Amino acid sequence: MIRKNRLNKIYLIIFFLLSVGLITFFILRALEKNIDLYLTPSEVKAADFNQFDDFKLGGMVKVGSLQKLEGLEISFIVTDFQSEMTVIYEGVLPNLFKENSGVVATGSLNPEQNQFIATEILAKHDENYMPVKIEVQN
Amino acid sequence: MSKKHSNFGTKLVLANFATLIICCGYLFLQFLEDNFSFIYVFENSSILLPTFYKISAFWSAHEGSFLLMILFLSGSMFINNFFFSGQDWMPISNATLAFILFFYLVFQIFTSNPFLTFDVLPNNGTDLNPLLQDPLLVIHPPVLFAGYVFYAVTFSLVIAGMFIGFDKKLFQSLKLWAGVSWFTLTFAILLGSIWAYYELGWGGYWFWDPVENVVLLPWLAGTAFTHSLIFSKNKILLSWMVFLGISTFLLTILASFVVRSGILNSVHSFASDPSRGVFLLSLFGVFAFASLALFFSKSVFLQSEWPKLLSKQYLLVLNNVVLLAILLIVFLGTLYPIVTEVFYGQKLSIGPNYFSSLITPLVLILITLFSVEQFPKLLKINKRKFLLWVLSIALVVIIIDFLKISALSVGLYFIALVLSILLLKALVELVTKRQINIAHKVLGHLSVVLLTFAVIANHQFSESLDVRLKPGEEVEFSNTVVRLDSVDVEGEMNFDTVVANFSIQSGKTQSNLKSEKRVYKIGGVITSETGIVSTIQRDYHIVLGDRFQDGSWSIRYSINYGIMLIWISSILLLFSMLYGTIRRHGY
């Protein structure tokens, strides 16, 4: 009885180790494929990026920079208050998208025109969304 | 401990709960009376806000929501004392919860006091975030916090068990609390998901965003925990169950830390403050150290046996292993960016593909495991045959993976097959025996299979189109014709709204839907109310974009498959969890 129990224990441990090994292998492989760098405009300017690599551009939408182009094409400037980068996007903007608020764009660089061609735009939503202006009652 | 002491303890718990109710009531009053001299009220309410949302504004930001969580913790401590008074484990459970409550209160008072005031009285508040002005999001946070604190009670029972041993009575109470916590947390996740789909207007229900993932961590651990209660009742791998109980609670604190510290890049950003993050992280450290130290010192004394190979219990242990593997994947995918940022200063984001490609096969394995468990005859094979089975399944999976044939459609057929087999079995059992043995288990597992089917179908078939339309114009897409009938402007109490009326022709059926764009009067915030027509098979979903100078509007038109099935199966799952928890006997 004891021996059988011990055998079961060994089976379980072997199974456990095997599955941990397999899972780690798959996790590493999937991580390698699916990592996007998350960069601000200054970081993009500072580094030398391969134009084919997708990455995420994060920052604020510059006030007054939103322009409607042909069809559904839109351009706006993402700023981190040090550097700026023009983003071109074709499609409907998320409803939370507005000037002077946070945005995360996924896409790649177009090196010739120094533009970022976005394939997906996500606007951040947060609980404190307005510049606070206090009206004082005297 | 004498009865006198324990009675006194119960009274103290009641006193604590009563004072916290008064404390929260006071803050509620400030919201209802528009007392903007309170900074918290000023930041989250306004005169124009409807009364319903003035109440929910209480938990719309960090300070109030944490206070609400503390109130719930104290409340569930009271409920615990009320229902299980006089149990042997009660003093230790109370002590553990009081310990947690103490640290939470210290955190509240020193880093997130909602009672701070201005010296002057502002005229009006800055209003509640329009996105939170939605009935679903009014109930989502309280339910989530309730789920978290219920797991704290479950944790305290596990701690008590380590001291006095796990007897039958403790197991009954544990089963009840674990079930209630599991149900509540599942419900909270479902509410958040429904909100994301209907209100956020991104067209999806789950984005593998860090803030969503960290809630999934305690849920996965909790799922494994609830299942582990079934075998540990028979003293099998008892210490494993204890470990899961502890981990689930620790993960709820980790979730609070990640969400409230703002350490991760999330599209759902909440008020973040480094000092709060540091405090919550140290809190996590203290609880993790204390409970794990206790676990390792006591676990030697927990009588544990190993399950027999290929017994029902054995499959349950395997199920736990798979669930933990999923947990590990979500955990690494969510927290890896923090590690790279802290150590290499490199911000990363991990794409949804990482999660879906890794988790889908594991979910299929999980489904196979619990389906096989329903057919005990299949388990009576010898070890050699079993190994052969495992190897061949592994081989098929690897071949599908490397050949890059659409693994999703293979998965879809597989799940449809499993679904029909399970349904058939349940029906046959119902007809021949007039009842189904452990009905909640059968229903729960069936709904998980249905849910997986709907999720994969949604992933596989959904399409969307971005287009510009003038009133009166129409566009054809995927066998449907969408027409923008008219655009009207309407006014409400605290917002103005543009309403676009669409009609969708699909075959012979025509349906109408409204998509709105609201401009809130304070701050000029713009939100969209997505227009959705739901059928069992698919949803037509229109988000109204911007107006162009020629009078046309940009819209995103999507056809989403299986959304109704996702909600229906989740509700069935919740129902089975509830029934399984409240039924009187067994598991």
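Please read all numbers here as calculations on a predicted model, not as lab measurements. (Residues numbered from 1 in each chain as written. Chains lettered and ligands numbered in written order. Predicted model: local features only at pLDDT ≥ 70, side-chain atom pairs only at ≥ 80, totals over all residues.)

**Describing the overall build of chain A**
When you go through chain A residue by residue, the secondary structure sums to two helices and nine strands. Here the analysis covers contacts within chain A between residues at least 6 apart in sequence; of these, 47% occur between residues at least 24 apart. (Helix = DSSP H or I, 4+ residues; strand = E, 2+ residues; numbered from the N terminus. Contact = placed C-beta atoms within 7 Å.)

**Points about the domain arrangement of chain A**
Taken domain by domain, chain A consists of domain 1 (1-35) and domain 2 (37-123). A separation of 43 Å is found between the C-alpha centroids of domain 1 of chain A and domain 2 of chain A. (Domains from an automatic or database assignment.)

**What about helix α8 (residues 210-232) of chain B?**
Look at α8(B): 32 Å from first C-alpha to last across 23 residues, which is about the 33 Å you get at 1.5 Å a residue. Most of α8(B) sits inside the fold, with 20 of its 23 residues counted as buried. (Expected span 1.5 Å × (residues − 1). Buried ≥ 20, exposed ≤ 12 C-beta atoms within 10 Å, placed from the backbone.)

**Details of the domain arrangement of chain B**
Residues and elements named next belong to chain B. For chain B, the assigned domains are domain 1 (3-361) and domain 2 (463-565). For domain 1 versus domain 2, the distance between C-alpha centres works out to 37 Å. With 12 residues of domain 1 in contact, the opposing surface of domain 2 contributes 18 residues. The residue inventory of the side of domain 1 that touches domain 2, partitioned by class, reads seven nonpolar, four polar and one charged. (Nonpolar A, V, L, I, M, F, W, Y, C, P; charged D, E, K, R; others polar.)

**Here we look at the nonpolar core**
Where a protein is soluble and globular, its nonpolar side chains tend to be buried together. Residue and element names in this part refer to chain B. Of all hydrophobic cores here, the largest spans 175 residues; its most connected members are L73, L217 and L220. Counting residues per element, this core draws most heavily on helix α6 (residues 135-164), which supplies 16 residues. With sequence-adjacent residues up to four places away left out, L220 is seen in contact with L323, I326, L327 and V330. (Core = buried A, V, L, I, M, F, W, Y, C linked by C-beta atoms within 7 Å.)

**Things to note about helix α9 (residues 238-261) of chain B**
Owing to its 3.6 residues per turn, the α-helix brings residues three or four apart onto one side. All names here are of chain B. End to end, α9 covers 35 Å across 24 residues, agreeing with the expected 34 Å (1.5 Å per residue, within 8%). Most of α9 sits inside the fold, with 21 of its 24 residues counted as buried. Phi for G262, located one or two positions after α9, is positive at around 65°.

**Description of the pairing of strand β12 (residues 553-561) of chain B**
All names here are of chain B. Burial analysis of β12 places eight of its nine residues in the buried class, which makes it a mostly covered element. Where strand β4 (residues 463-469) and β12 come together, seven bridges link them in antiparallel fashion. Bridging from a neighbouring strand, L469 pairs with W553 of β12. Bridging between strand β11 (residues 538-547) and β12 involves eight bridges; their strand directions are antiparallel. Paired with V543 across the strands is R556, a residue of β12. Between β11 and β12, which pair antiparallel one after the other, the connecting turn spans five residues, and G551 there sits at a positive phi close to 90°. (Pairing = 2+ DSSP bridges.)

**Quick word on unusual backbone geometry**
Residue and element names in this part refer to chain B. Backbone geometry places L237, a non-glycine residue, at a positive phi of 45°. Relative to the assigned elements, L237 resides in the loop between α8 and α9. Given 23 C-beta atoms within a 10 Å radius, L237 is considered buried. A positive phi is found at S478, a non-glycine position, where the angle reads about 50°. For S478, the position within the fold is in the loop between β5 (474-477) and β6 (480-491). Owing to 13 C-beta atoms within 10 Å, S478 belongs among the partly exposed residues under this scheme.

**Some words on the pairing of strand β6 (residues 102-110) of chain A**
All names here are of chain A. With six bridges connecting them, strand β2 (residues 55-61) and β6 associate as antiparallel partners. From the neighbouring strand, L57 faces β6, where its bridge partner is A105. Two elements, β6 and strand β7 (residues 115-123), share eight bridges in a ladder whose sense is antiparallel. Within β7, the position partnered with V103 by the bridge is A123.

**Examining the sheet that holds strand β10 (residues 531-534) of chain B**
Residues and elements named next belong to chain B. One open sheet holds the four strands; their spatial order is β4-β12-β11-β10, and the pairing between them is antiparallel. The strands lining the two open edges of the sheet, one partner per strand, are β4 and β10. Averaged over neighbouring strand pairs, the angle between their axes works out to 15° when direction is ignored. (Axes fitted to C-alpha atoms, helices over the stretch in contact; angles between N-to-C directions.)

**Brief notes about the sheet that holds β6(B)**
Within a sheet, adjacent strands bond to each other through the backbone by hydrogen bonds, running parallel or antiparallel. Residues and elements named next belong to chain B. On the basis of which strands lie adjacent, the open sheet formed by five strands has the order β5-β6-β7-β8-β9 and antiparallel pairing. Two strands lie at the open edges of the sheet, namely β5 and β9 (526-529), each paired on one side alone. With strand direction ignored, the average angle separating the axes of adjacent strands in the sheet is 25°. For β5 and β6, the ladder comprises four bridges, and the chain directions are antiparallel. Bridging from a neighbouring strand, E474 pairs with R483 of β6.

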